[in-house]
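One-letter residues, chain by chain:
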Amino acid sequence: MRTVLLGAPGSGKGTQGVVLSKKYDIPQISTGDLLRAAVSAGSDLGKQAKSAMDAGALVSDEIVIGLIRERISHDDAKNGYILDGFPRNIPQAEALDAMLTELNQPLQGVVLLDVAFEELLQRLTGRRTCKDCGAIYNIHLSPSKIEDHCDACNGPLFQRADDNEETIGNRLNVYQEQTAPLVSYYQAQNKLHSIAGVGNVNDITAQVSAVFDSI
Ligand code: AMP
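Residues numbered from 1 in each chain as written. Predicted model: local features only at pLDDT ≥ 70, side-chain atom pairs only at ≥ 80, totals over all residues. Heavy atoms only, no water.

1. Section: the packing of aromatic side chains
One pass over the full model with this rule turns up two aromatic pairs. Summarising the aromatic geometry, the rings of Tyr24 and Phe212 are spaced 5.4 Å apart at their centres and angled 65° between planes, so their arrangement reads as edge-to-face. Of this pair, Tyr24 sits in helix α1 (residues 13–24) while Phe212 sits in helix α9 (residues 201–214), placing them 188 residues apart in sequence. Taken together, a centroid distance of 5.1 Å and an interplanar angle of 90° make the contact between Tyr185 and Tyr186 edge-to-face. Side by side, Tyr185 and Tyr186 carry an identical accessibility label, which is buried. (Phe/Tyr/Trp six-rings, centres within 6.5 Å; stacked < 30°, edge-to-face > 60°. Helix = DSSP H or I, 4+ residues; strand = E, 2+ residues; numbered from the N terminus. Buried < 20%, exposed > 50% of the residue type's maximum accessible area, 1.4 Å probe, protein only.)

Next comes the structure, spelled out in structure tokens:
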């Protein structure tokens, strides 16, 4: 199942991606995670990406398209994948379509997680992530039972470097200007399924699953 989770920063793509990846046994492929790993490893690619990420701007299309091309060629992606945070603009979506047409494996569905701007702000400022297993919490909305520790694995929770107010503002602007046009792009291909990304996490998973099961 070749799918994309589309939505603003904080819309729940990462949270849903982790759960759906387990449920459907296909990898969640997050360009944000791949880039953060490159930054931590101090690779050349990480060094090139870091300043754009710190500013909440987009990393170059060339870098992220290269990352995706390489990642979807792995064995674990042969039955499909959930792309999370890619594509982020029209040129990336066009490059993805071209890449998948060449492989004769077009995208099957795109799920938009729709969340109001004010809620996104609260989610992003309160977001905490487990260093060990990647589970996501929110100090305002869904705190862990023990402060700063993961409920699932007891790993330490951290706040992403780009989840500060200034960078968050930039990231939301970038979403409006560059990523939101993908809604019409995928609507025109009859691939867009829009879901309200608010309320109970399990209910949202059930709605996304219903879409996945139908494609
Ligand atoms: P995310 O974890 O998806 O919120 O991504 C964190 C940051 O990584 C973004 O603010 C961008 O700087 C960069 N990034 C992630 N995915 C992309 C992409 N598809 N294109 C360009 N930059 C990206």
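There is more to say after this.
2. Considering helix α4 (residues 61–71)
Given 3.6 residues to a turn, an α-helix orients residues that are three or four positions apart in the same direction. For α4, every residue scored as buried is listed here: Ile63, Val64, Ile65, Leu67, Ile68 and Arg71. If you follow the buried residues of α4, they end up packed against β2 (28–30), α2 (31–41), α3 (44–55), β3 (81–84) and α5 (90–102). (Contact = heavy atoms within 4.5 Å.)

3. Focus: the nonpolar core
Core analysis: the largest hydrophobic core is formed by 37 residues, its most contacted members being Leu35, Val59, Ile68, Leu83, Leu96 and Tyr186. The biggest single contributor to this core is α4, with five residues. When sequence neighbours within four positions are dropped, the list of residues in contact with Leu35 reads Leu45, Ala49, Met53, Val59, Ile63, Val64 and Leu67. Leu20, Val111, Val208 and Val211 belong to the second-largest nonpolar core, a separate cluster that totals twelve residues. (Core = buried A, V, L, I, M, F, W, Y, C linked by side-chain atoms within 4.5 Å.)

4. Structural notes on the state of the cysteines
Covalent bonding between the sulfur atoms of two cysteines defines a disulfide. Taken as a whole and judged by the stated rule, the model has zero disulfides. Here Cys133 stays unpaired: no disulfide links it, and the sulfur of Cys150, its closest cysteine neighbor, is 3.8 Å away. By relative accessible area, which is 42% here, Cys133 ends up partly exposed. (Disulfide = S-S within 2.5 Å.)

5. What about the pattern of salt bridges?
Taken as a whole and assessed by the stated rule, the structure comprises eight salt bridges. Its salt-bridge partner being Asp33, residue Arg36 comes within 2.8 Å of it at the nearest N-O pair. Of the two residues, Arg36 and Asp33 are both situated in helix α2; the distance of three residues between them amounts to about one turn of the helix. For Asp33, a relative accessible area of 41% puts it in the partly exposed group. The shortest N-O distance in the salt bridge between Lys50 and Asp54 comes to 2.6 Å. Of this pair, Lys50 and Asp54 both sit in helix α3, four residues apart, which is roughly one turn of the helix. One salt-bridge network, in which partners are shared between bridges, spans Arg127, Arg160, Asp162, Asp163 and Arg171. (Salt bridge = Lys/Arg side-chain N within 4 Å of Asp/Glu carboxyl O.)

6. Side note on the site of the ligand
Close to the ligand lie 16 residues, the nearest being Thr31, Arg36, Ala57, Gly85 and Gln92. In the model, a nitrogen atom of the ligand is placed 3.0 Å from a nitrogen or oxygen of the Val59 main chain. Within the contact set of the ligand, an oxygen atom lies 3.1 Å away from a side-chain nitrogen or oxygen of Arg160. Contact with the protein chains removes 97% of the 480 Å² of surface that the ligand exposes when unbound. Broken down by class, the residue content of the shell around the ligand amounts to seven nonpolar, four polar and five charged. (Near = heavy atom within 4 Å. Polar contact = N/O pair within 3.5 Å; in protein donor to acceptor, adjacent residues only side chain to side chain. Areas by Shrake-Rupley, 256 points an atom, 1.4 Å probe, with all protein chains shown as cover. Nonpolar A, V, L, I, M, F, W, Y, C, P; charged D, E, K, R; others polar.)

7. Here we look at the packing of helix α7 (residues 165–179) against helix α8 (residues 181–188)
Two numbers describe how α7 lies on α8: the axes approach to 6 Å, and their chain directions differ by 35°. Between α7 and α8, the residues in contact are Gln176, Glu177, Gln178 and Thr179 and Pro181, Leu182 and Val183, respectively. Across the contact of α7 with α8, the residue classes tally to three nonpolar, three polar and one charged. (Axes fitted to C-alpha atoms, helices over the stretch in contact; angles between N-to-C directions.)

8. Comments concerning the packing of helix α6 (residues 117–126) against α7
Look at α6 against α7: their axes get within 11 Å of each other, and the N-to-C directions meet at 140°. On the basis of their axis angle, the class for α6 and α7 is oblique. Between α6 and α7 lies a crossing of right-handed hand. For the pair α6 and α7, contact is made by Phe117, Leu120, Leu121, Leu124 and Thr125 and by Glu165, Ile168, Arg171 and Leu172, respectively. Split by residue class, the contact of α6 with α7 holds six nonpolar, one polar and two charged. (Parallel < 35°, antiparallel > 145°, perpendicular 65-115°, else oblique. Left-handed = near helix turned anticlockwise from the far one by under 90°.)

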